[in-house]
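Residue-level listing of the chains:
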Number of protein chains: 2
Amino acid sequence: MGNIAAAIEALSAQLGEKVSTSDTVRTHHGQNETYFAAMPPDAVVFPECTEDVVTAVKICAQHTCPIVPWGVGTSLEGHALPVRGGVTLSFERMARVLDVSQSDLVARVEPGVTREALNEELRATGLFFPIDPGANATLGGMAATRASGTTAVRYGTLRDNVLAMTVVMADGRVIKTGTRAKKSSAGYDLTALIVGSEGTLGVITELTLKLHGQPEAIAAAVCAFPSVDAAVDTTIQAVQLGIPVARMELVDALSMRCINAYSNTNYPEEPHLFMEFHGSEAGVAEQSETLEALAAEHGGRGFQWTTRTEERSKLWAARHTAYWAIKAMWPGRHGMSTDVCVPISKLSEAIAAARADVEAHNLPGPIVGHVGDGNYHVLLLSDPKDPSELDTAKAIARRMAEHAISLGGTVTGEHGIGMGKMDLLKQEHGEGVSVMASIKRALDPDNLLNPGKIVQIN
Amino acid sequence: MGNIAAAIEALSAQLGEKVSTSDTVRTHHGQNETYFAAMPPDAVVFPECTEDVVTAVKICAQHTCPIVPWGVGTSLEGHALPVRGGVTLSFERMARVLDVSQSDLVARVEPGVTREALNEELRATGLFFPIDPGANATLGGMAATRASGTTAVRYGTLRDNVLAMTVVMADGRVIKTGTRAKKSSAGYDLTALIVGSEGTLGVITELTLKLHGQPEAIAAAVCAFPSVDAAVDTTIQAVQLGIPVARMELVDALSMRCINAYSNTNYPEEPHLFMEFHGSEAGVAEQSETLEALAAEHGGRGFQWTTRTEERSKLWAARHTAYWAIKAMWPGRHGMSTDVCVPISKLSEAIAAARADVEAHNLPGPIVGHVGDGNYHVLLLSDPKDPSELDTAKAIARRMAEHAISLGGTVTGEHGIGMGKMDLLKQEHGEGVSVMASIKRALDPDNLLNPGKIVQIN
């Protein structure tokens, strides 16, 4: 009997019906949202508490069986694929909000809680968890990939919004990485080390998250610009002025064409900024008016803003439907999302180069960007019937990442490394990757935790 | 010849006059700001560039000679004391601001630049670096201890304001921990690992820092409260409402008595909040008025606020002179600052227990607090002629830290572990400390970098 089979036998003996080897369950946990081939694990364990995870990790350690944590499978670089087989830990039974403190603006949750479920639970409290990566991902998964999204410009990423975690290490030790205090100088920042480690250093079994007060008022705004440069320059000035924009989204001309076709709207087919402001009634009005003036200085046209819920939804519908509008424009094509992040002063240059590259290769590639952070995505649409198109898309994505490095940026703003960007991580970090490998070796010497992701150690 | 002497000989041969063994220089670098005995290093190296640091680290590694980085010596837990002798790296010759980007709101600096020197350099740009720990510390030192201070409630700590660093590792490898991009999901967060590592994992030789736009308007405010509870409850409500307070400082009744005596003022001898608001003219007016209303609900009296520079300085003078006012009230006494941080809902309880403990032991112990973060300091004043008083002060500080742990807080909000709180770190982090030790062993197996701080590995 191989080591994995032995581990599964021992797991079943200890954890009973929490272990599944059914084809349906395995297949479900072998899928991913991007172009990697499906890869089912040998078994799926459904832990119900930290102690179950400790049991699973210890048994797997004893049998040298790989372990891959799984949230809901929305990651975009193949993070949760069991490339060496073994056991997937699925957190669907650990999806409770454990407590919420209104005084401390803190929630303690299990890793399987999704961000929408948490916000549903918070609705009556006057608090919310602001990070919004688009997908309704689990909070464990979002922490593991250091996710962010449209609101990061105001509220930061998961790095900034996790106070503490309970983590099961590769040898079964359980640590708490922090406390409920808002800040600490107590030793190495284990919270920050685990956030973004993609399940390779430890398994997150509980999170203490920062919450924020629901703003008294929210304003939404939209404006067309004659060029990406003009939209970016407007954003730079807004950031310099310290305007606390809550969302600042660039949607390029091609995306706007898709949106018009999909939603039967007639926005000018030009780059647009979609904005959101959080604050007091007077505060969001002032922010909207300041942005309107800044936009006008840069040739912005048709600036509209509103604080009324229904009109806000209507205004932002274009941005929210962008992904579906793009998919509908090229039905049957596979979408692959790039994800680089550059210093904002280089954003126009980066986007222009990406646009030229995409057009030179004749692939559809609309662009949306979290422009306040210098982070943007090209959705590269390839025809699954022509495999060379996927290769073209991958090559474009690689050139974008390399260009981002040369501009002082990073190969991933929010999607992570997974198995898709390990060589790009080396290009970006150089010797830093050998330091990452030293840490991985120190904490998981047998390479059991999500092996084959971020860094290769054997 | 011992290993340290051999290292110094080799260093002198390679680095010439950048190495000093003079008594004056060694004595200066053996001092500290708190109760630890002076401890001069065997030699001091004054590197002028990263390559000098690499040379020094490699020579020290070859001779197993300890290396301790040094900024300006303002740390408060004996961080820079060479407890095993060896060589101190003093960064006074690496004190240049290398570049400032107004579009990206980023500055690249050498580690010996102090925060005041950086802000001086930034004055004409419309940008500033907001973190203010009180002392005019170096930015390298502030990063090493994860410093923060009065503005952390709005701008975060050094954890949140360092984008990237150049770091020389124990074996002489040079890494760059990040890029100029505002966010990244590229692998383990080496920036966050080095920030707060107190020179034990690597030597910082360059920092890329986030800057902020100088606010259009600044308002200062002050208000007296009938109790610490009332001041804390006002703060909690302000935070829940999402008011972006820039500073929120609690000064207790005893401190106010010292301030009145020192500055010839006549504030009520009651707990006070000193506040600062950053924003637009209308924004800071609105924030001030909202706080005034909240304070009134909690019995606040004499709320004053102003945006005029001179009046702001006058209003905040009390807070700014608190340390000197306290020292003047008990001349000749030695001040030892405690530094715990608790969830804000527990702050009143923590302060009340600390106050009772201090009074039961008959030591002067005024309290100031960064109340928006739940972080407070008791300045315990002991008579150097009666050594038992220092022991009493240490015991009180220990009980405060243990109480903070029991309240879900941390043993240090911003001063760090150094050599003063290593056992408390174990109480707070438990098994987490063994993970920290694994990391230290992996990155510095010979324990050369600031040995005897944070974690003991041999």
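Since the structure is predicted, the reported quantities are computational estimates derived from the model, not experimental observations.

This next bit is on the relation of the copies chain A and chain B. What connects the two chain copies is a rotation about an axis and a shift along it. Note on the copies: chain A fits chain B at an RMSD of 0.0 Å, the axial shift is 0.0 Å, and the rotation between them is 180 degrees. Taken together, the rotation and translation describe the operation of a two-fold axis.

A surface patch of nonpolar side chains, about 350 Å² in accessible area, is lined by Y262(A), Y323(A) and W324(A). The exposure class of Y323(A) is partly exposed, given its relative accessible area of 38%.

Residue and element names in this part refer to chain A. Summed over the entire model, instances satisfying the criterion amount to 63 salt bridges over all chains. Measuring nitrogen to oxygen at the nearest pair gives 3.8 Å for the salt bridge that ties R115 to E116. Residue classification places R115 among the buried positions, given a relative accessible area of 9%. Of the charged contacts, one joins R257 and E269 as a salt bridge, the two residues approaching to 3.6 Å between their closest N and O atoms. Of the two residues, R257 is situated in helix 10 (residues 253-263) and E269 in the loop between helix 10 and strand 14 (272-279); the sequence distance between them amounts to 12 residues. The partly exposed category is assigned to E269, whose relative accessible area is 44%. Three or more residues are tied together by salt bridges with common partners; here these are E17, K18, E48, D52 and R93.

Attention shifts here to the packing of helix 14 (residues 347-360) of chain B against helix 15 (residues 387-406) of chain B. Residues and elements named next belong to chain B. Contact geometry for helix 14 and helix 15: axes closest at 10 Å, N-to-C directions at 160 degrees. With respect to helix 15, the element helix 14 is oriented roughly antiparallel. Considering only the axes of helix 14 and helix 15, their crossing is right-handed. Taken together, the residues of helix 15 that come into contact with helix 14 (itself represented by E349, A350, A353, A354, D357 and V358) are I396, R399, M400 and H403.

We now examine the environment of A143(A). Residue and element names in this part refer to chain A. Mapped onto the elements of the fold, A143 is located in helix 5 (residues 139-145). On the accessibility criterion, A143 (0% relative accessible area) is buried. In this structure, the C-alpha to C-alpha distance between A143 and P111, residues 32 residues apart in sequence, is 8.9 Å. When residues no more than four places from it in sequence are discounted, the contact partners of A143 are L158, V162, I194, V195, G196, I204 and L207.

The next point concerns the confidence of the model for chain A. In the predicted model, chain A carries a mean pLDDT of 96, and the fraction of residues at 70 or more is 100%. Scored as a whole, the predicted complex attains pTM 0.97, and scored at its interfaces, ipTM 0.97.

All names here are of chain A. This structure, assessed with the given rule, holds 10 aromatic pairs over all chains. Ring centres of Y323 and W324 lie 4.9 Å apart, and the angle between their planes is 85 degrees; on these two criteria the pair is classed as edge-to-face. The ring of W316 has R247 sitting right over it, with the charged end atom 5.7 Å from the ring centre.

Residue and element names in this part refer to chain B. In this sheet, strand 6 (residues 106-109) lies alongside strand 5 (residues 97-101) in antiparallel orientation, the contact comprising 4 bridges. Each residue of the ladder has a partner; that of V100, found in strand 6, is A107. Between strand 5 and strand 6, which pair antiparallel in sequence order, lie 4 residues; one of them, L105, sits at a positive phi of approximately 55 degrees.

Cut-off values and rules
- Residues numbered from 1 in each chain as written.
- Chains lettered and ligands numbered in written order.
- Predicted model: local features only at pLDDT ≥ 70, side-chain atom pairs only at ≥ 80, totals over all residues.
- Heavy atoms only, no water.
- Least-squares fit on C-alpha atoms with pLDDT ≥ 70 in both.
- Patch = residues over 30% accessible without salt bridge, like charges linked within 9 Å, V, L, I, M, F, W, Y side chains within 5 Å.
- Areas by Shrake-Rupley, 256 points an atom, 1.4 Å probe, with all protein chains shown as cover.
- Salt bridge = Lys/Arg side-chain N within 4 Å of Asp/Glu carboxyl O.
- Buried < 20%, exposed > 50% of the residue type's maximum accessible area, 1.4 Å probe, protein only.
- Helix = DSSP H or I, 4+ residues; strand = E, 2+ residues; numbered from the N terminus.
- Axes fitted to C-alpha atoms, helices over the stretch in contact; angles between N-to-C directions.
- Parallel < 35°, antiparallel > 145°, perpendicular 65-115°, else oblique.
- Left-handed = near helix turned anticlockwise from the far one by under 90°.
- Contact = heavy atoms within 4.5 Å.
- pLDDT = per-residue confidence, 0-100.
- Phe/Tyr/Trp six-rings, centres within 6.5 Å; stacked < 30°, edge-to-face > 60°.
- Lys NZ or Arg CZ within 6 Å of the ring centre and 35° of its normal.
- Pairing = 2+ DSSP bridges.

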